[in-house]
Amino acid sequence: MNRTRKRLSQLFLVAFLFLCAATARAQAYKVESANSPAPEEIAAPVRDILAANSLRVTGPQGALCEIWLRKSVVASATPSQDLGIAFPKIPDGSLFGALRFAAAVKDYRGQEIKPGIYTLRYALQPVDGNHLGVSTYRDYLLLVPAALDTGVAPIAFKELAALSRKASGTGHPAVWSLLPADGAPATLPGVKHVEDGDLWILYFPIPIGPEGAAPSPTIIGLVIVGRAPEA
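Residues numbered from 1 in each chain as written. Predicted model: local features only at pLDDT ≥ 70, side-chain atom pairs only at ≥ 80, totals over all residues. Heavy atoms only, no water.

What the protein chain contains, in helices and strands, is three helices and 13 strands. Classification of the 231 residues of the protein chain by burial places 42% in the buried group. Within the protein chain, contacts between residues at least 6 apart in sequence are counted, and of these 60% link residues at least 24 apart. (Helix = DSSP H or I, 4+ residues; strand = E, 2+ residues; numbered from the N terminus. Buried < 20%, exposed > 50% of the residue type's maximum accessible area, 1.4 Å probe, protein only. Contact = heavy atoms within 4.5 Å.)

Tracing the backbone through its elements, the reader meets A63 in strand β3 (residues 62–69). Take A63: its relative accessible area is 53%, and that puts it in the exposed class. Apart from residues no more than four positions distant in its own chain, A63 is found in contact with V57, T58 and A102.

Our focus in this paragraph is the environment of E66. By the secondary structure assignment, E66 is in strand β3. Spatially, the C-alpha atoms of E66 and L99 are 5.4 Å apart, while their sequence positions differ by 33 residues. In this structure E66 touches S36, S54, L55, R56, A98, L99 and R100, once residues within four positions along its chain are discounted. At a separation of 3.1 Å, a polar atom in the side chain of E66 contacts the side chain of S36. (Polar contact = N/O pair within 3.5 Å; in protein donor to acceptor, adjacent residues only side chain to side chain.)

In total, this model carries five salt bridges according to the counting rule given. Taking the shortest distance from any N to any O, the salt bridge between R47 and E40 comes out at 3.6 Å. Classification of R47 as partly exposed rests on a relative accessible area of 24%. We note a salt bridge from R100 to E66, for which the minimum N-O separation is 3.0 Å. Of this pair, R100 sits in strand β5 (residues 95–101) while E66 sits in strand β3, and the two are 34 residues apart along the sequence. Look at R100 and you get partly exposed, because its relative accessible area is 31%. On the accessibility criterion, E66 (8% relative accessible area) is buried. (Salt bridge = Lys/Arg side-chain N within 4 Å of Asp/Glu carboxyl O.)

Formed by 38 residues in total, the largest nonpolar core has its most connected members in I67, F96, F101, L143, L202 and F204. At the level of elements, β2 (53–59), β3, β5, β8 (116–124), β9 (139–145), β10 (175–179), β12 (199–209) and β13 (216–225) are the ones that each hand at least two residues to this core. Top contributing element to this core by residue count: β12, with five residues. Ranked by size, the runner-up nonpolar core spans 15 residues in total, among them Y108, A123, V144 and V223. (Core = buried A, V, L, I, M, F, W, Y, C linked by side-chain atoms within 4.5 Å.)

A few words now on the pairing of β5. Burial within β5 is extensive, with six of its seven residues counted as buried. Bridging between β5 and β8 involves six bridges; their strand directions are antiparallel. Bridge assignment links G97 to a residue of β8, and that residue is L120. (Pairing = 2+ DSSP bridges.)

For helix α3 (residues 157–168), built from 12 residues, the straight-helix expectation of 16 Å at 1.5 Å per residue is met to within 8% by its first-to-last C-alpha distance of 16 Å. On its buried face, α3 sits against β7 (112–113), β8 and β9. Taken from the residues just after α3, G169 is the one with a positive phi, measuring 70 degrees. (Expected span 1.5 Å × (residues − 1).)

In this fold, S36 is placed in the loop between β1 (30–35) and α2 (44–48). When neighbours within four sequence positions are excluded, S36 is seen to be in contact with A52, N53, S54, R56, E66 and W68.

That's the geometry; what it means functionally is another story.
This is the structure:
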């Protein structure tokens, strides 16, 4: 009888610990919308196209980042038909938004990014042997130091990659992986944890549409914590 009670106590303890761990993961990162204008350090032309509200992401160590999304993204007149692209309507090199890091973080490749303010630009992972197995989708946001990105027009990949290397301080751009809306939480913006790869994904809607037409919200997932399996 005592042996049975001891066994039951052990099982209850294990279940309790699993529950505590799951609860801790669910509370590890969260996002809230804030009525916060973009920093003055961002060039005026860029600031003018950013939304008035920001997305503030916090984690176990406090503030992770604050993101200002573009009010709307102008869709490409000829969306890509290539495989492995989650958001074919977004033109390569498009200005997507800006963000501020209060402390050093690591990007999707595990590169350390210093605290500061950066712009976000959409780019596609090159199709070459150097990137096999990095991600299911080729969609990424590249970080550029805000002081170096003062216009709103799309930037060609070669120039954008060179600018983004200023953010990483390495031979590779500073990258954050984008994912489609599959599995997005019911309430947006929201953060979701994915066990496979131990990723934390921020989901949010952003308007995308052709120039001169009303844009429609597109849900996008951005990996804010976690790294590529092959990085």
